[in-house]
Amino acid sequence: MSASENILHAAGLAKSYQSGRGQLEVLHDCSLTLAKHERVAIIGQSGVGKSTLLHLLAGLDRADRGSIRFGERRLDAMGEAELAAYRNQHVGMVFQFYHLLPEFTALENVMMPILIGRDISTAQHRAADLLEEVGLGERRHHFPSQMSGGERQRVAIARALASDPEILLADEPTGNLDHENGLRVMDIFAGLHERHRTAMVLVTHNPELVIGFDRVLNMEPGGHLAAA
Ligand SMILES: Nc1ncnc2c1ncn2[C@@H]1O[C@H](COP(=O)(O)OP(=O)(O)OP(=O)(O)O)[C@@H](O)[C@H]1O
Ligand SMILES: [Mg+2]
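Computed from a prediction, not measured in an experiment: that's the story for all the values here. (Residues numbered from 1 in each chain as written. Chains lettered and ligands numbered in written order. Predicted model: local features only at pLDDT ≥ 70, side-chain atom pairs only at ≥ 80, totals over all residues. Heavy atoms only, no water.)

Trainee: Got a minute to help me understand the pairing of strand 1 (residues 6-19) in this structure?
Mentor: Every other side chain in a regular strand lies on the same face of the sheet, so the side chains alternate between the two faces. Alignment of strand 1 against strand 2 (residues 22-35), held across 10 bridges, turns out to be antiparallel. In the sheet register, H9 faces strand 2, and the bridge partner there is T33. Remark: two residues form the turn of the hairpin made by strand 1 and strand 2, two consecutive strands paired antiparallel. The sheet contact formed by strand 1 and strand 4 (residues 65-70) spans five bridges and is antiparallel. Note that in strand 4 the partner of A11 across the bridge is S67. (Pairing = 2+ DSSP bridges. Helix = DSSP H or I, 4+ residues; strand = E, 2+ residues; numbered from the N terminus.)

Trainee: Explain the site of ligand 1 to me, please; I cannot follow it from the model alone.
Mentor: Neighbouring ligand 1 are 14 residues, the closest being S46, G47, K50, S51 and T52. At 2.9 Å, a backbone N or O of G49 approaches an oxygen atom of ligand 1. The fraction of the free accessible surface of ligand 1 (640 Å²) that becomes covered by protein chains is 60%. For the shell around ligand 1, the residue count by class is four nonpolar, eight polar and two charged. (Near = heavy atom within 4 Å. Polar contact = N/O pair within 3.5 Å; in protein donor to acceptor, adjacent residues only side chain to side chain. Areas by Shrake-Rupley, 256 points an atom, 1.4 Å probe, with all protein chains shown as cover. Nonpolar A, V, L, I, M, F, W, Y, C, P; charged D, E, K, R; others polar.)

Trainee: Help me out: how do you make sense of the packing of aromatic side chains in this one?
Mentor: One pair of aromatic rings is described through two measures. These are the centre distance and the angle between the planes. Overall, the coordinates contain one aromatic pair when judged by the stated rule. With a centroid separation of 5.1 Å and an interplanar angle of 65°, the aromatic rings of F70 and Y86 are classed as edge-to-face. With a gap of 16 residues between them, F70 in strand 4 and Y86 in helix 2 (residues 80-89) connect regions that are remote in the sequence. Take F70 and Y86: they sit in the same class, and that class is buried. Lying over the aromatic face of F213, R39 brings its terminal NZ or CZ to 5.4 Å of the ring centre. (Phe/Tyr/Trp six-rings, centres within 6.5 Å; stacked < 30°, edge-to-face > 60°. Buried < 20%, exposed > 50% of the residue type's maximum accessible area, 1.4 Å probe, protein only. Lys NZ or Arg CZ within 6 Å of the ring centre and 35° of its normal.)

Trainee: Is there a simple way to think about the pattern of salt bridges in this case?
Mentor: When charged atoms on two side chains of opposite charge get close, those side chains can pair. With the rule as written, the count across this model stands at eight salt bridges. For the salt bridge of K15 with D61, the shortest nitrogen-to-oxygen distance reads 3.4 Å. Of the two residues, K15 is situated in strand 1 and D61 in the loop between helix 1 (50-57) and strand 4; the sequence distance between them amounts to 46 residues. Classification of K15 as buried rests on a relative accessible area of 8%. A residue is classified by how much of its surface remains accessible, and D61, at 31% relative accessible area, is partly exposed. As a salt-bridge pair, E25 and R65 come within 3.9 Å of each other at their nearest N and O atoms. Of the two residues, E25 is situated in strand 2 and R65 in strand 4; the sequence distance between them amounts to 40 residues. Residue classification places E25 among the partly exposed positions, given a relative accessible area of 39%. Under the relative-accessibility criterion, R65 is labelled partly exposed at 43%. (Salt bridge = Lys/Arg side-chain N within 4 Å of Asp/Glu carboxyl O.)

Below, the structure is given as structure tokens:
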């Protein structure tokens, strides 16, 4: 496959955290290539570094070593403003615990990323359409505390799609949901892929969710990703 068909290419990533007793090296040598439109699932033991990797790919944190290429550009060479623009325009992130802003309604949560650079009415319309797409048109004026877990996660998905990103990163998006709501979230992801061909990296413990994915990788200690 030629490099131009890859949307993300991470090579030799290392990441340590400062802990009470010194440095903890979570990722030692982690590499991942994501082709345009590809869906990759990552499984692996708790604490192995899956969320750490997603945060690096999302531009939410920086690696100690290694490179991440997004198309022709390198995340590790970007300044803060450029990295913020990458986060806002090119990747959508969905977390296990939704991370919605509690003092804003569903509509306002989804509008938030769209407001950067666009007027309020455009943001309102787009956010309303996205909420419709995830089946929550009727709930748009509810606050997160007035919604079920499954509904909150669907708001979070709508928010992640606000800027029409090429890449969706999802960290155990169904980990906090019952079986039925988990399947519903996966249906939304499948629909998204069908309509928008969004490339995805999904971290999950649930083998049922990876059906239809192009590759399933197991993260080994140190961050090495091997075919599961
Ligand atoms: N901010 C931090 N400071 C110190 N240690 C951290 C920090 N974030 C994560 N860690 C440690 O890094 C390791 C990897 O964490 P990470 O969250 O990436 O694991 P994970 O594979 O996502 O696990 P899980 O499946 O439980 O979500 C863990 O041992 C964790 O305790
Ligand atoms: Mg995790």
